[in-house]
Amino acid sequence: MSTDPDLRLRHVSPAFRTFAGQDALAALPRELARVGARRAVIVCGPSMLKHPDALSRVHEALGEHLVGQFDEVAEHSPLPVVEQTRRFLAGHDADAVIAVGGGSAVVTARAASILLAEQRDVRELCTRRGADGTLVSPRLTAPKLPQWVVPSTPTTACAKAGSAVRDPEKGERLALFDPGTRAQGIFLDPAIALTAPPRLAWSAALNVFSMAVEGLQSRRVDPLADAQLAHALRTVVTWLPYLHTDPEGATPRMHLMLAALMSGQGSDHTGGGLAQALSHAVGPRSSTANGVVQALLLPHTMRFNARVVGHRIALLADILNLDERTSEAVIGKIERLLELFEVPTRLRDVGIVEKDLIEAADHAMEDWAITSAPRVPDRTDVLAVLSNAW
């Protein structure tokens, strides 16, 4: 057996508790007690109010610890709503935050907690270009409110420490990074899982799929992360079709949520990818969810990366049960899966007009995820990838 003398890694797994099943929420009071929290605020979107029986499960679990509910979360976590959430947390003297819903609820709760603790303008806190031209994330050291997540979709956001908010006035994406806002844990409740429309769960699962594929192409070789990403990928391939054949079944959604957790945690160690960065720039300009845009872009970014990820292709081929271990074979399999998943194939089909591509390319170059892509592009490369996808 040969060994790899060049294998070096530093893999730190943050403390994280996962509870799944009908009785998962029963652990919530113990979780609050573990950190001494007594005043919890729920952060969710208005769509959750359409499911009072499901939401009441969270209310009952929190009991007397529930002191307020902010239910005005909006898609893409717009900055004005994040500011409203910050004021709500302050006004209720919250000492814990429970995000209930999809990625926007999770990100809004985290970002609001950062603004509450740091007491500075968001532009002083977000990732930006340093004097030497590199992207820099300021260290945010103020203690943050502990967070827990009760997801309604298979969102990778539940495992992350980043929060991207959108300034609707300037059309900018402002990225905040703070390990102090990483969730203490996640509660996978079947009733909450069934509150999301199947189409929303589908688009979130596509993000899980794309993030796993991109993580498995990373230039950072981490076998522990690869194991999470590989199983996340297999899980999505197995369970995503059931969202169409069994749209009211909780089991497929629970498996996809576990895949989201694995994909989110694994990609924390391998870094982001080009499709992720481009979807951040293109997604808000489209007529569909970011996860759909990311999946649409995935084959195009894989072709761009192909000449530098040869050492990773064999693993992807094994996961996808391919005999041929070439980049084109793997990309072809990905394209067939995306066709099976009913993903659009062109950006123009999701509402992107050609003039949007230039502005999207500029914004993508400011995205932190682009720096960890296996082949870091310049602006010309980005525009070419977007144009090919258009």
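Residues numbered from 1 in each chain as written. Predicted model: local features only at pLDDT ≥ 70, side-chain atom pairs only at ≥ 80, totals over all residues. Heavy atoms only, no water.

Let us look at the environment of Arg325. Within the secondary structure, Arg325 sits in the loop between α13 (310-319) and α14 (327-340). When near neighbours in sequence (up to four residues on either side) are disregarded, Arg325 contacts Ile313, Ala314, Ala317 and Asp318. At a separation of 2.5 Å, a polar atom in the side chain of Arg325 contacts the side chain of Asp318. (Helix = DSSP H or I, 4+ residues; strand = E, 2+ residues; numbered from the N terminus. Contact = heavy atoms within 4.5 Å. Polar contact = N/O pair within 3.5 Å; in protein donor to acceptor, adjacent residues only side chain to side chain.)

Moving on to the packing of aromatic side chains. One pass over the structure, following the stated rule, counts four aromatic pairs. Both rings, one in Phe19 and one in Phe187, keep their centres 5.1 Å apart while their planes meet at 10°; by these two values the pair is stacked. One end of the pair, Phe19, is in strand β1 (residues 17-20); the other, Phe187, is in strand β10 (residues 185-188), and 168 residues separate them in sequence. Look at Trp239 and Tyr242: their rings are 5.1 Å apart centre to centre, the planes differ by 40°, and that puts the pair in the tilted class. A cation sits over an aromatic face here: Arg199 above Trp202, 3.8 Å from the ring centre. Taking the ring centre of Trp390 as reference, the NZ or CZ of Arg348 above it sits at 3.9 Å. (Phe/Tyr/Trp six-rings, centres within 6.5 Å; stacked < 30°, edge-to-face > 60°. Lys NZ or Arg CZ within 6 Å of the ring centre and 35° of its normal.)

With that settled, consider the environment of Gln228. Position of Gln228 relative to the elements: it lies in helix α8 (residues 223-239). In sequence terms Gln228 and Leu216 are 12 residues apart; their C-alpha atoms lie 9.8 Å from each other. Excluding anything up to four places from it in sequence, Gln228 contacts Met262, Gln265 and Gly266. A distance of 3.2 Å separates polar atoms of two side chains, one belonging to Gln228 and the other to Gln265.

This part covers the side chain of Asp71. When you line up the elements, Asp71 lands in the loop between β3 (66-70) and α3 (79-91). Buried and unpaired, Asp71 has no salt bridge, with Lys50 as the nearest side chain of opposite charge at 13 Å. In terms of polar contacts, Asp71 uses its side chain to reach the side chain of Gln69, at 3.4 Å. Each residue touching Asp71, except ones within four places of it in the same chain, is listed here: Cys44, Gly45, Pro46 and Leu49. (Buried < 20%, exposed > 50% of the residue type's maximum accessible area, 1.4 Å probe, protein only. Lys, Arg positive; Asp, Glu negative; His and termini not counted. Salt bridge = Lys/Arg side-chain N within 4 Å of Asp/Glu carboxyl O.)

All right, on to the sheet that holds strand β4 (residues 96-101) then. Neighbouring strands of a sheet are bound in pairs by backbone hydrogen bonds; such pairs are parallel or else antiparallel. As summarised here, the arrangement of the six strands in space is β1-β10-β7-β4-β2-β3, forming an open sheet in which the pairing is parallel. The open sheet is flanked by β1 and β3, the only strands paired with a single partner. Sheet twist, expressed as the average angle between the axes of neighbouring strands with direction ignored, equals 20°. The pairing of β4 with strand β7 (residues 147-151) spans five bridges and is classified as parallel. Paired with Val100 across the strands is Val150, a residue of β7. Contacts between helix α1 (residues 28-35) and the sheet are confined to β1, β2 (40-43), β4, β7 and β10, with β7 contributing the most and set at about 165° to the helix. (Pairing = 2+ DSSP bridges. Axes fitted to C-alpha atoms, helices over the stretch in contact; angles between N-to-C directions.)

Its identity as a non-glycine residue notwithstanding, His76 has a phi of 70°, on the positive side. Mapped onto the secondary structure, His76 falls in the loop between β3 and α3. A positive phi angle, near 55°, is found at Gln119, a position not held by glycine. Relative to the helices and strands, Gln119 is located in the loop between α4 (103-118) and α5 (122-125). The class of Gln119 is exposed, set by a relative accessible area of 58%.

Within the largest apolar cluster, 63 residues are counted, with the highest numbers of intra-cluster contacts made by Phe209, Leu347 and Leu386. Non-local contacts of Phe209, meaning those with residues more than four positions away in its chain, are made with Leu233, Val236, Val237, Leu298, Ile334, Leu337, Leu338 and Phe341. (Core = buried A, V, L, I, M, F, W, Y, C linked by side-chain atoms within 4.5 Å.)

Before going further, it helps to examine the pairing of β10. Because side chains alternate across β10, one face comprises the buried residues Gly185 and Phe187, and the other comprises Ile186 and Leu188, equally buried. Alignment of β7 against β10, held across two bridges, turns out to be parallel. The residue of β10 that forms the bridge with Trp148 is Gly185.

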